[in-house]
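Chain residues, written in single-letter form:
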Amino acid sequence: MQAEQLKELVVGALEDVKAQDVSIIDVRGRTSVTDYMVLASGTSNRHVKSLADSVLSEAKDQGVRASNVEGANASDWILVDLGDVVVHVMMPATREFYDLERLWRDAPDLGAAGSE
């Protein structure tokens, strides 16, 4: 699956479970680790876990395996590494504290729709 298709699959999976404040950051050319970072917020620890589970389930249905999942036990911040797309699902306070968007502020923010 191409990075663009995977990004759209992730956004769809997050929107299906009512993710809040979905943001897509294009990091191609800025890091060799991934092409896109997708950030989303959940309303509770249970919601954060459900969002990550939705991403994992949709990816698995399309034959994409996560190479790593971090934070699933704490549920304040869950990272799902799908290779070309890395997904960060966080509680709003955690997202504000770490402010990943600021760290990548020079990268194009594609928004939830995936267009600049």
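Residues numbered from 1 in each chain as written. Predicted model: local features only at pLDDT ≥ 70, side-chain atom pairs only at ≥ 80, totals over all residues. Heavy atoms only, no water.

(A) Structural detail: the overall build of the protein chain. Tallying secondary structure elements over the protein chain gives four helices and five strands in all. Relative to the globule expectation of 13 Å for 116 residues, the C-alpha radius of gyration of the protein chain, 13 Å, shows essentially globular dimensions. Oriented by its inertia axes, the alpha-carbon framework of the protein chain measures out at about 35 × 35 × 25 Å. Burial statistics for the protein chain: of 116 residues in total, 41% are counted as buried. A separation of at least 24 residues holds for 60% of the contacts in the protein chain among residues at least 6 apart in sequence. Total accessible area computed for the protein chain in this model is approximately 6,200 Å², and 45% of it derives from carbon and sulfur atoms. Each charge sign in the protein chain was given a centre, from 11 positive and 20 negative side chains, and these centres are 3 Å apart. (Helix = DSSP H or I, 4+ residues; strand = E, 2+ residues; numbered from the N terminus. Rg over C-alpha atoms; globule rule 2.2 N^0.38 Å. Buried < 20%, exposed > 50% of the residue type's maximum accessible area, 1.4 Å probe, protein only. Contact = heavy atoms within 4.5 Å. Areas by Shrake-Rupley, 256 points an atom, 1.4 Å probe, with all protein chains shown as cover. Lys, Arg positive; Asp, Glu negative; His and termini not counted. Charge placed at Lys NZ, Arg CZ, Asp CG, Glu CD.)

(B) Fine view of the packing of aromatic side chains. Counting across every chain of the model gives two aromatic pairs. Between Trp77 and Tyr98 the ring centres are 4.9 Å apart and the planes differ by 50 degrees, which places this aromatic pair in the tilted class. Of the two residues, Trp77 sits in strand S4 (residues 77-81) while Tyr98 sits in helix H3 (residues 92-98), which places them 21 residues apart along the sequence. Judged by centre distance (4.9 Å) and plane angle (85 degrees), the ring pair of Phe97 and Tyr98 falls under edge-to-face. The class for Phe97 is exposed, based on a relative accessible area of 65%. The rings of Trp77, Phe97 and Tyr98 are connected pair by pair, giving a single aromatic cluster. In this arrangement the basic side chain of Lys7 is found over the ring face of Tyr36, its NZ or CZ atom lying 4.8 Å from the centre. (Phe/Tyr/Trp six-rings, centres within 6.5 Å; stacked < 30°, edge-to-face > 60°. Lys NZ or Arg CZ within 6 Å of the ring centre and 35° of its normal.)

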